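Residue strings, one per chain:
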Amino acid sequence: MSDSPGVGFVYDDRYLQHNPGTEVFWTERGPLPVPFVEPTLHPSNYRLVMRTKHLLDLTGLTSHLVRIEPRPATVEELTVFHTPEYVERVKQLSVKGSGDAGEHAPVGPGSYEIALLSAGGAISAVDAVMHGRVRRVFANCRPPGHHALADRGMGYCLFNNVVIAARHAQHAYGIKRVLILDWDVHHGNGTQEAFYADPSVLFVSLHQDGLYPDDMGLLRQTGAGEGAGTTINLPLPAGCGDAVYRAAFERIVLPIARAFCPELILISAGQDASVMDPEGRMCLSTNAYRWMTSALMDLAAETCEGRLVILQEGGYSELYAPYCTLGIIESLTGVRTNLPEPQDLRVLQRRPEIATIGPSADAALKEIESTHAPFWPALRGR
Ligand SMILES: [Zn+2]
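Sequence order as written defines residue numbering, which begins from 1 separately in each chain. For this predicted model, a pLDDT threshold of at least 70 governs which residues receive local features, and a threshold of 80 or more governs which side-chain atom pairs are given and counted, while totals over whole chains, interfaces and linings are taken from all residues. The side-chain figures draw on all heavy atoms in the structure; neither hydrogens nor water molecules are used.

Peer 1: So what's going on with the pattern of salt bridges? Which residues, and what values?
Peer 2: A pair is scored as a salt bridge if a Lys or Arg side-chain nitrogen falls within 4 Å of a carboxyl oxygen belonging to Asp or Glu. Here the structure, examined in full by the defined rule, presents 17 salt bridges. A salt bridge links R258 to E302; its shortest N-O distance comes to 3.1 Å. On the criterion of sequence distance, the pair formed by R258 in helix α7 (residues 242-260) and E302 in helix α8 (residues 286-303) is long-range, its members being 44 residues apart. Across the pair E330 and R290 runs a salt bridge, and its minimum N-O distance is 2.7 Å. Residue E330 is located in helix α9 (residues 321-333), and its partner R290 is located in helix α8; the two are separated by 40 residues in the primary sequence. Accessible area is worked out with a 1.4 Å probe on protein chains only. A residue is then buried under 20% of its type maximum, exposed over 50%, and partly exposed in between. On the basis of relative accessibility, which here comes to 4%, the residue E330 falls in the buried class. Strands are runs of DSSP state E lasting at least two residues, helices are runs of H or I lasting at least four, and both sets are numbered from the N terminus onward.

Peer 1: Quick rundown of α7? Include the residues and the values.
Peer 2: Of all the bends found along α7, the most pronounced is centred on F249 and spans about 45°. Counting buried positions along α7 yields 15 of 19 residues, so the element is predominantly enclosed. Following α7 by one or two positions, C261 has its phi on the positive side, about 55°. Across the chain, bend at a residue is computed as the angle between axes fitted to the seven residues ending at that point and the seven starting from it.

Peer 1: Tell me about the pairing of strand β3 (residues 30-33), and please be specific about residues and values.
Peer 2: The side chains of a regular strand alternate, first on one face of the sheet and then on the other. Taken together, the four bridges between strand β2 (residues 24-27) and β3 define a ladder with antiparallel strand orientation. What sits directly across from V24, in β3, is P33. Hairpin geometry of β2 and β3 is characterised by an intervening segment of two residues between the two adjacent antiparallel strands. What makes two strands pair is DSSP finding at least two bridges between them.

Peer 1: Tell me about the coordination of the zinc ion, and name the residues and values.
Peer 2: Only nitrogen, oxygen and sulfur atoms qualify as donors, provided they sit within 2.8 Å of the metal or within 3.2 Å for Na, K and Ca; with water excluded from the atoms, sites may seem incomplete. Within the protein, D184 (OD), D184 (OD), H186 (ND1) and D272 (OD) serve as the donor atoms for the zinc ion, at 1.9 to 2.7 Å. Here the metal geometry follows the donor angles, with tetrahedral for four donors whose angles all fall between 85 and 135 degrees, square planar for four and octahedral for six when opposite donors are more than 155 degrees apart and every other angle is between 65 and 115, and irregular for all the rest. What the four donor atoms of the zinc ion show is an angle range of 54 to 155° at the metal, which sorts the shape as irregular. Of the residues examined, D272 reaches a relative accessible area of 0% and is grouped as buried.

Peer 1: Residue-level account of the side chain of N45, with values.
Peer 2: Following the sequence through the fold, N45 ends up in the loop between β3 and α1 (47-59). For N45, a relative accessible area of 9% translates into the label buried. Any pair of N or O atoms that falls within 3.5 Å is considered a polar contact. Within protein, one atom must be able to donate a hydrogen and the other to accept it, and sequence-neighbouring residues count only if both atoms are side-chain atoms. A distance of 2.9 Å separates a polar side-chain atom of N45 from the backbone oxygen of H42. From its side chain, N45 meets the backbone nitrogen of R47 in a polar contact 2.8 Å long. Excluding residues within four positions of it along the chain, N45 makes contact with P20, R142 and E318. Residue contacts follow a heavy-atom distance rule, with two residues in contact if any of their heavy atoms lie within 4.5 Å.

Peer 1: Describe the environment of A148, and please don't skip the residues or the numbers.
Peer 2: Mapped onto the elements, A148 comes out in the loop between β8 (136-139) and β9 (153-154). In contact with A148, other than residues within four places in its own chain, are F81, H82, M154, C157, L158, F159, N160 and G190.

Peer 1: Could you give an account of the packing of aromatic side chains, with specific residues and numbers?
Peer 2: Whether two aromatic rings pair depends on their centres lying within 6.5 Å, for rings of Phe, Tyr and Trp, where Trp uses its six-membered ring; planes under 30 degrees apart make the pair stacked, over 60 edge-to-face, and the rest tilted. In total, this model carries seven aromatic pairs according to the counting rule given. When the centroid spacing of 6.2 Å and the interplanar angle of 20° are considered together, the rings of F9 and Y11 count as stacked. Residue F9 is classed as buried on the basis of its relative accessible area, which comes to 5%. Taking 6.2 Å as the distance between ring centres and 80° as the angle between the ring planes, the aromatic pair formed by Y112 and F159 counts as edge-to-face. In this pair, Y112 sits in helix α4 (residues 111-130) while F159 sits in the loop between β9 and α5 (161-173), placing the two residues 47 residues apart along the sequence. F159 shares its class with Y112; the two are buried. Site record: aromatic cluster; members linked through ring pairs are F9, Y11 and Y15.

Peer 1: Requested: an account of the packing of α4 against α5, with residues and values cited.
Peer 2: At their nearest, the axes of α4 and α5 sit 9 Å apart, and the two run at 40° to each other. Our classification of the angle between α4 and α5 gives oblique. α5 is crossed by α4, and the crossing has right-handed handedness. Facing S118, A119, A122, I123, V126, D127 and M130 of α4, the residues of α5 in contact are N161, I164, A165, H168, A169 and Y173. By the convention adopted, Pro, Cys, Tyr, Trp, Phe, Met, Ile, Leu, Val and Ala count as nonpolar, Lys, Arg, Asp and Glu as charged, and the other residues, Gly among them, as polar. Residue composition of the contact of α4 with α5, grouped by class: nine nonpolar, three polar and one charged. Note on method: axes are straight lines fitted to C-alpha atoms, helices fitted across the in-contact stretch only, with angles between N-to-C directions ranging 0 to 180 degrees. For classification purposes, an angle smaller than 35 degrees is called roughly parallel, one larger than 145 roughly antiparallel, one from 65 to 115 roughly perpendicular, and anything else oblique. The handedness criterion is simple: a crossing whose near helix is rotated anticlockwise from the far helix by less than a right angle is left-handed, and one whose near helix is rotated clockwise is right-handed.

Peer 1: Can you break down the environment of I232 residue by residue, with the values?
Peer 2: If you trace the backbone, I232 turns up in strand β12 (residues 231-236). With a relative accessible area of 1%, I232 lands in the buried category. For the pair I232 and L202, spaced 30 residues apart in sequence, the C-alpha separation works out to 7.6 Å. Non-local contacts of I232, meaning those with residues more than four positions away in its chain, are made with L202, F203, V204, S205, I256, H372 and W376.

Peer 1: Give me the lowdown on the side chain of S94, citing residues and values where you can.
Peer 2: Mapping S94 onto the fold places it in helix α3 (residues 84-96). Of note is the side chain of S94, whose polar atom sits 3.1 Å from the backbone nitrogen of S111.

Keep in mind these values describe shape, not function.
Following this line, the structure appears as structure tokens:
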């Protein structure tokens, strides 16, 4: 596939300024401070985005990218999903300099403006692809968005960047069918809520079964009303690695996505399903992120002239997650840096949890197939 007209990269140093504070212990009595003399940074700190940018510069990959400057989203753009009261609440907490915008959604000084720039980065990414300035984009933005609900923040997320980007593509460019693929290890509950009854957006989420949030991302949640069948949850048992994700793509995700025939593909890219992540218990190597990106690039080439926008969500291994993101951008650009990795890929790919499909994962894949087959003929007869 031709690299022309190139790969965009959304980034702004102001993304580093969103400060969710220090880590706390969540107990039945509420948050307690971590007792160590040296404070521990909040998991959703600036390091993933900063180190990703650093690796791109260090390897020279930056020279293969078209820099896209984000602009702040407007209140009108946010309120296609969020309530005006919620947007105002985030603004007030930000002025105050601290607070929680919902459930585990910390706001620091100036977080409102940075969250506007994060959502606006997603919009700028869509604009760059739709105008043909670039064919595909990685948006290295924060704070993340996929847990954010219409009226409250959740799970480190303030405004739902991917929902706002999808609605922008529909309203500004008349896009009729958007695929949102969410490979973050947690379930993208805010995104599911936004499009649960909406057949114009196919929401597909691969996540660790039973992780976060409670009772979301369940297999039986398949959409409602006119959106029946357009929510595809793939809850996978803890411990799944590259082989299971590849099988899930080949057997379920790609056949459904091809049948849906999107006009734009958005990815909620959380690199917290990696083998070294402290929040998840999945076992993906950097190669899985390379492969998933390539598979979605091929799908985009088949269905929508290559239009693909990838938005940064979670990723909490300060050492490994930036390399997973580097792998994604290697696939987007077609340039392999061969930078030595924290875990030797040749060793990783021999490990059974990464290279094989265990009995519980095999059973889960079969159940997922049979749940979605009534809506998607492409899955029948397997
Ligand atoms: Zn996550």
